[in-house]
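An overview of the molecular structure
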Amino acid sequence: MSNVEETLSIIKPDAVDRNLDNEIKEMFKNKGFSILKEKKIQIEKSEAEKFYKVHETKPFYNDLCAYLSSGPIVVMVLEKENAVLANRELMGATNPNDAEEGTIRKKYGISIDKNSVHGSDSVENAKIEIDFFFND
Ligand code: IDP
Ligand code: MG
């Protein structure tokens, strides 16, 4: 049975800053993702704090929110069969040092904080995150 899902992807400031957005979008398209919506924006730190609220007790929360709001990002809605898991697989491990060959973070990630992409971790969170950025 088919299970087409939508998930939220963000190309983070480190990757946009290095003009990697088109190459990363190609990696998604080559894996069969459709980019349903996309926009390049810069968010306020207060918005990043809302977006990453699940991490508010973590020691890296403040730096993480400062970082996500530090420059332009590309926010996309991706669609594909089992898109949430497929995107997590294509992204690779949170720490680029642990990411497998062929993943976005292995190819482009600089460090655990500058790891080039965000992806929703569940169908439920994908809905919340898509609504957060594309609520019109
Ligand atoms: P994910 O992006 O792979 O889903 P999460 O655990 O949800 O990873 O963490 C959100 C983001 O917070 C990561 O992408 C990374 O940029 C940052 N982060 C996670 N763990 C650490 C850490 O130990 N030090 C610094 N930054 C971290
Ligand atoms: Mg996460």
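Conventions we followed
Residues numbered from 1 in each chain as written. Chains lettered and ligands numbered in written order. Predicted model: local features only at pLDDT ≥ 70, side-chain atom pairs only at ≥ 80, totals over all residues. Heavy atoms only, no water. Helix = DSSP H or I, 4+ residues; strand = E, 2+ residues; numbered from the N terminus. Rg over C-alpha atoms; globule rule 2.2 N^0.38 Å. Buried < 20%, exposed > 50% of the residue type's maximum accessible area, 1.4 Å probe, protein only. Contact = heavy atoms within 4.5 Å. Lys, Arg positive; Asp, Glu negative; His and termini not counted. Charge placed at Lys NZ, Arg CZ, Asp CG, Glu CD. Near = heavy atom within 4 Å. Polar contact = N/O pair within 3.5 Å; in protein donor to acceptor, adjacent residues only side chain to side chain. Areas by Shrake-Rupley, 256 points an atom, 1.4 Å probe, with all protein chains shown as cover. Nonpolar A, V, L, I, M, F, W, Y, C, P; charged D, E, K, R; others polar. Pairing = 2+ DSSP bridges. Salt bridge = Lys/Arg side-chain N within 4 Å of Asp/Glu carboxyl O.

When you go through the protein chain residue by residue, the secondary structure sums to 7 helices and 4 strands. Its helices and strands taken in sequence order, the protein chain reads β-α-α-β-α-α-β-α-α-β-α from the N to the C terminus. For 136 residues, the compact-globule estimate of 2.2 N^0.38 gives 14 Å, and the C-alpha radius of gyration of the protein chain, at 14 Å, lies within 12% of that figure. Along the three orthogonal principal directions, the C-alpha set of the protein chain runs to about 40 × 35 × 25 Å. A burial count over the protein chain gives 44% of its 136 residues as buried. The long-range share in the protein chain, meaning contacts at least 24 apart out of those at least 6 apart in sequence, stands at 75%. Separation between the mean location of the 19 positive side-chain charges and that of the 25 negative ones in the protein chain comes to 2 Å.

Time to look at the site of ligand 1. Near ligand 1, the surroundings consist of Lys12, His55, Phe60, Leu64, Arg88, Thr94, Arg105, Ile112, Asp113 and Asn115. Side-chain polar atom of Lys12 to an oxygen atom of ligand 1: 3.0 Å apart, as the coordinates give it. Note that an oxygen atom of ligand 1 is positioned 3.1 Å from one of the backbone N or O atoms of Ile112. Notes on ligand 1: free accessible area 520 Å², of which the protein chains cover 75%. The residue makeup of the shell around ligand 1, split by class, is 3 nonpolar, 3 polar and 4 charged.

Next up on the list: the pairing of strand S1 (residues 4–11). Extensive coverage of S1 is indicated by the burial of 6 of its 8 residues. Here 8 bridges tie S1 to strand S3 (residues 73–81), and the two strands are oriented antiparallel to one another. By the bridge assignment, Ile11 is partnered in S3 with Val74. Pairing between S1 and strand S4 (residues 117–119): 3 bridges, direction antiparallel. Residue Ile10 lies in a different strand from S4, and its bridge partner there is His118.

Let's shift gears to the pattern of salt bridges. Any two side chains of opposite charge can pair, given that their charged atoms come close. Under the definition given, this model contains 7 salt bridges. Notably, a salt bridge pairs Asp21 with Lys40, separated by 3.7 Å at the nearest N-O pair. Taken together, the positions of Asp21 in helix H2 (residues 21–30) and Lys40 in strand S2 (residues 34–41) put the pair 19 residues apart, joining distant regions of the chain. Taking relative accessible area as the criterion, Asp21 reaches 10% and is therefore assigned buried. Two residues, Lys106 and Glu101, come together in a salt bridge whose shortest N-O distance is 3.8 Å. Assessed through its relative accessible area of 35%, Lys106 is described here as partly exposed.

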